[in-house]
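The primary structure of each chain is shown beneath.
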Amino acid sequence: MKISIKEYLQEHDKAQINDLAAALGKEGSKDFRDLVKTISLMERRHELKFEDDGSLRLAQKKAPAITLKGIFHAHKNGFGFVSLEGEEEDLFVGRNDVNHAIDGDTVEIVITKVADRNKGTAAEAKIIDVLDHSVKTVVGQIVLDEEKPKYAGYIRSKNQKISQLIYVKKPAIQLEGTEILKVEIDQYPSRKHNYFVATVRDVVGHVTDPGIDVLEVLESMDIVSEFPEEVLKEAEQVPDAPSAKDLEGRLDLREEITFTIDGADAKDLDDAVHIKPLKNGNFELGVHIADVSYYVTEGSALDKEALNRATSVYVTDRVVPMLPERLSNGICSLNPNVDRLTQSAIMEIDPHGKVVKHTITQTVINTTFRMTYSDVNDILAGDEEKAQEFKKIVPSIHQMASLHGILESMRIHRGALNFDTNEAKILVNKEGKPVDIVLRQRGIAERMIESFMLIANETVAEHFTRMKLPFIYRIHEDPKAEKVQKFIDYASSFGIQIYGTASEMSQEALQEIMRKVEGEPYADVLSMMLLRSMQQARYSEHNHGHYGLAAEYYTHFTSPIRRYPDLMVHRMVREYGKSQEVAEHFEQVLPDIASQSSSRERRAIDAEREVEAMKKAEYMEDYVGEEYDAVVSSVVKFGLFVELPNTVEGLIHITNLPEYYHFNERDLTLRGEKSGVTFRVGQQIRIKVERADKMTGEIDFSYIPSEWDIVEKGLKAKGRDRDGNRRDRRRKDKKVSKGSTVRRDDKRKDSSKSKKKKGKKPFYKEVAKKGAKHGKGRRKGSRAK
């Protein structure tokens, strides 16, 4: 009957019910009742509608809604945002429109409200479907629960953005309640049940195991230390030393004075250097990198596992390597006085830092010494004892320092940006408990090796670009104008004059801004803001240059032990050296390798940040109640973030301030309504540690009035003294003009007299240059490079 009704109305446009009944032969009482019921049902389903004159007409179908695909980023309070590929602005999703999506899910959305730039409101969206769940496995401690006898119990994810419980099906083993489980998600929250259902995949450990907290974080991100059995078997078959046959066809550099320079506790020594001054005034620099690709052949179990991991992961007290230790610490480590297979970039560099000639080839070397950064820094500082101990290479070290100065000046001159910020090393005891947080030192030796690795990477990238062969690049694209504008606004709030527009801001202009603030208390904060305004460096089969380094060509060639793209570059050096017929093969595989490597790098960064936040919070748990001087690192609507000298950052929430504070978005300040006390980035203030939560990685501070406070006298200038009592801030012996700024006149307590718990060491200190360490196999240079 529905089909007949539709066909009739399609032909006649509209009709009265009696006419329709007559036309369809449904005039009898029973047939007519069935007709009316069908019409009523079709109306409810919006298939037809009644006009004002009582006639029937087919309802016009609405155009299908335009849907978009994006990634959902959940907030712990239930709402979230969806980011779309290629779009700068995210779309807001209210808690009622989340549709059970989980943080990181790939979702399908419809836009419900467009952005209004005049009002400053963001676009809004509704999630209509989850296309792919990001959470496949979860790690956590089992909580035994008898209320749901169908399940063994539940685990609660450490991810605060996942609020639902994860119920675990009863496994074959008896659980005690101390186990840290890795479970595989079988069912996701839905309208039927607001919880997960999972199956036990593995018992990671027990809550009492040393270092289980870090292992829990790594396992939750599927970062696994153990290698599959077939991978270990292949690694065991790799010889302990190269044979005579392995050396055939290689450039023999064993007579060169070649040595490694690494952190004191590094074991995977993957780069060595040599230098020679030439008669024409140029330098010959040799950068020799372990030839990992010779042992890790394409398509092997070792190669597949290396690509799956794509990078080594470094967290506090451990490293999860990309390759088994038999390779990374054995035949692929450039240990002193043994023959090692390498790939080398041998460059002739003129006094302006320009590479005028180069050779990229397979080599064999035999390093003279295993040098540490501290040894080299001591020699350069004039340590006679060290100079005598390593006298054979002291001339080379001084020549390298000279070349480093040339290369560094060259990079600065062309516009390379310096993103060096304070970096902390968390020291832990045997149980994995943090006992100290120290600042890493970067001396000439560290920066020198970085300079040599950078010039080698540039030279290799340019070499293959000019050969017009498929290649993998490390790219850092130009920053988005919107983000540069935010940085400009931020810098302007400090009174810095800026020339140029966000869309045409050169590296030289950004350099000039950072030069102007050098030595200012807010310089580190501004450097971090500049870094955040940049796009994230990534791998690509297309060359887009490296904005941060102001380099036209750049790749990663110097660390094949811990990065898969470097291993791939070595493979291409070898294969292209034999024949260019492999170009088509590399052209096919490189896009997926670049994507996988970029993705795994972001995962490693997330793991490092989460563990660092957890360990810093755990460390600060022992200092709750203590008072310290700190620096305001960021000012936001809901409060201010404050950083201690040991890089620990905490939040002073606006609700914990002693009065109502106004947020000024233009100059990024918080100003007390009654007192006029003003907080701005880079300002020193006094704080008290109120809370440190290892589970969430959160640290809360409270504000203590002190002589560091700044009062804006343009407003009512009544504040509080150190004891919190109201008092007139206006000095009687000195008139202060309207709008001027004064510091609090409280007498400052000596910071050395701060309250400290008995038997505790100061909770931060700088590492002495002598003996400074960079961690096991620590990467050289910043992440962006």
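The text that follows walks through the structure, step by step, so that each part is easy to find. Values in this document were obtained by computation on a predicted structure and should not be read as measured data.

Moving on to the overall build of the chain. A count of helical and extended segments in the chain gives 16 helices and 40 strands. In the chain, which comprises 785 residues, the proportion classed as buried is 49%. Contacts in the chain between residues far apart in sequence, at least 24 positions, make up 67% of those at least 6 positions apart.

Time to look at the environment of threonine 558. Among the secondary structure elements, threonine 558 is positioned in the loop between strand 27 (538–540) and helix 15 (564–578). As a C-alpha pair, threonine 558 and histidine 288 span 270 residues in sequence and 8.2 Å in three-dimensional space. Leave out the neighbours within four places in its chain, and threonine 558 touches Asp270, Asp271, Val287, Ile289, Met453, Ala456, Asn457, Arg563 and Asp566.

What follows covers the side chain of threonine 555. Relative to the elements of secondary structure, threonine 555 occurs in the loop between strand 27 and helix 15. Residue class for threonine 555 comes out buried when judged on its relative accessible area of 1%. For threonine 555, the side chain forms a polar contact with the main-chain oxygen of isoleucine 472, separated by 2.8 Å. Sequence-distant contacts of threonine 555, defined by excluding residues within four places in its chain, comprise Asn457, Val460, Ala461, Phe471, Ile472, Tyr473, Arg474 and Val569.

For the rest of this paragraph, the subject is the environment of phenylalanine 50. Structurally, phenylalanine 50 is set in strand 2 (residues 48–50). Taking the relative accessible area as the measure of exposure, phenylalanine 50 reaches 35% and is therefore partly exposed. Among all residues touching phenylalanine 50, those that are not within four sequence positions of it are Ile17, Ile39, Glu43, Ser55 and Leu56.

Here we take up the pairing of strand 25 (residues 434–439). Side chains on a regular strand alternate between the two faces of the sheet. Across the 6 residues of strand 25, 5 count as buried, placing the element largely inside the fold. From the end of strand 24 (residues 424–428) to the start of strand 25, which pair antiparallel, there are 5 residues, and glycine 432 there has a positive phi angle of about 85°.

Let us now look at the sheet that holds strand 2. Backbone-to-backbone hydrogen bonds join strands into a sheet, with any given pair of strands oriented parallel or antiparallel. Here we have 3 strands laid out as an open sheet, ordered 1-3-2, and antiparallel in their pairing. Strand pairing shows two members of the sheet lacking a second neighbour, strand 1 (14–15) and strand 2, which therefore form its edges. Relative to strand 3 (residues 56–58), strand 2 runs antiparallel, the two sharing 3 bridges. Across the sheet, leucine 48 pairs through a bridge with leucine 58, a residue of strand 3.

It is possible for side chains of opposite charge to pair when their charged atoms get near one another. Across all of its chains, the model carries 44 salt bridges by this definition. For glutamate 601, the salt bridge identified is with arginine 474, shortest N-O distance 2.9 Å. In this pair, glutamate 601 sits in helix 16 (residues 583–620) while arginine 474 sits in strand 26 (residues 473–475), placing the two residues 127 residues apart along the sequence. Of the two residues, glutamate 601 and arginine 474, both sit in the buried class. Salt bridges linked by common partners bring Lys76, Arg691, Asp693, Glu698 and Asp700 together as one network.

Here the focus is the packing of aromatic side chains. Applying the stated criterion across every chain, the model contains 17 aromatic pairs. Centre to centre, the rings of phenylalanine 81 and phenylalanine 92 are 5.6 Å apart; their planes meet at 70°, and the pair counts as edge-to-face. Here phenylalanine 92 lies in strand 6 (residues 91–93) and phenylalanine 81 lies in strand 5 (residues 80–83), a separation of 11 residues in the sequence. Exposure remark for phenylalanine 92: the relative accessible area of 26% places this residue in the partly exposed category. Relative to phenylalanine 679, the ring of tyrosine 661 has its centre 5.4 Å away and its plane inclined at 20°; by these criteria the two rings are stacked. One end of the pair, tyrosine 661, is in strand 31 (residues 661–664); the other, phenylalanine 679, is in strand 33 (residues 677–680), and 18 residues separate them in sequence. Classification of tyrosine 661 by relative accessible area gives buried; the value is 3%. Site record: aromatic cluster; members linked through ring pairs are Phe464, Phe471, Tyr473, Tyr576 and Phe586. Taking NZ or CZ as reference, arginine 309 lies 3.7 Å from the ring centre of phenylalanine 227, over its face.

Between helix 12 (residues 481–492) and helix 14 (residues 523–533), the shortest axis-to-axis distance is 9 Å and the interhelical angle comes to 165°. Comparing their axes, helix 14 and helix 12 come out roughly antiparallel. Note that helix 12 runs across helix 14; the crossing there is right-handed. Of the residues in helix 14, those touching helix 12 at Lys483, Phe487, Tyr490 and Ala491 are Val525, Leu526, Met529, Leu530, Arg532 and Ser533.

Here the phi dihedral of aspartate 222 falls at roughly 60°; this positive angle occurs in a residue that is not glycine. Looking at the secondary structure, you find aspartate 222 in the loop between helix 4 (212–220) and helix 5 (229–236). Since its relative accessible area comes to 33%, aspartate 222 is described here as partly exposed. Positive phi outside glycine occurs at threonine 316, with the angle close to 35°.

With that settled, the discussion passes to helix 11 (residues 444–466). Between its first and last C-alpha, helix 11 extends 33 Å over 23 residues, near the 33 Å set by a 1.5 Å rise per residue. With 17 of its 23 residues buried, helix 11 lies for the most part within the structure. Remark: lysine 468 follows helix 11 within two positions and exhibits a positive phi of approximately 55°.

By secondary structure assignment, the location of aspartate 246 is in the loop between helix 5 and strand 15 (251–252). Residue aspartate 246 is classed as buried on the basis of its relative accessible area of 13%. Residues aspartate 246 and arginine 340 lie 94 residues apart in sequence; the distance between their C-alpha atoms is 9.9 Å. Dropping the residues within four chain positions of it, aspartate 246 is found in contact with Tyr294 and Leu341.

Cut-offs and rules
Residues numbered from 1 in each chain as written. Predicted model: local features only at pLDDT ≥ 70, side-chain atom pairs only at ≥ 80, totals over all residues. Heavy atoms only, no water. Helix = DSSP H or I, 4+ residues; strand = E, 2+ residues; numbered from the N terminus. Buried < 20%, exposed > 50% of the residue type's maximum accessible area, 1.4 Å probe, protein only. Contact = heavy atoms within 4.5 Å. Polar contact = N/O pair within 3.5 Å; in protein donor to acceptor, adjacent residues only side chain to side chain. Pairing = 2+ DSSP bridges. Salt bridge = Lys/Arg side-chain N within 4 Å of Asp/Glu carboxyl O. Phe/Tyr/Trp six-rings, centres within 6.5 Å; stacked < 30°, edge-to-face > 60°. Lys NZ or Arg CZ within 6 Å of the ring centre and 35° of its normal. Axes fitted to C-alpha atoms, helices over the stretch in contact; angles between N-to-C directions. Parallel < 35°, antiparallel > 145°, perpendicular 65-115°, else oblique. Left-handed = near helix turned anticlockwise from the far one by under 90°. Expected span 1.5 Å × (residues − 1).

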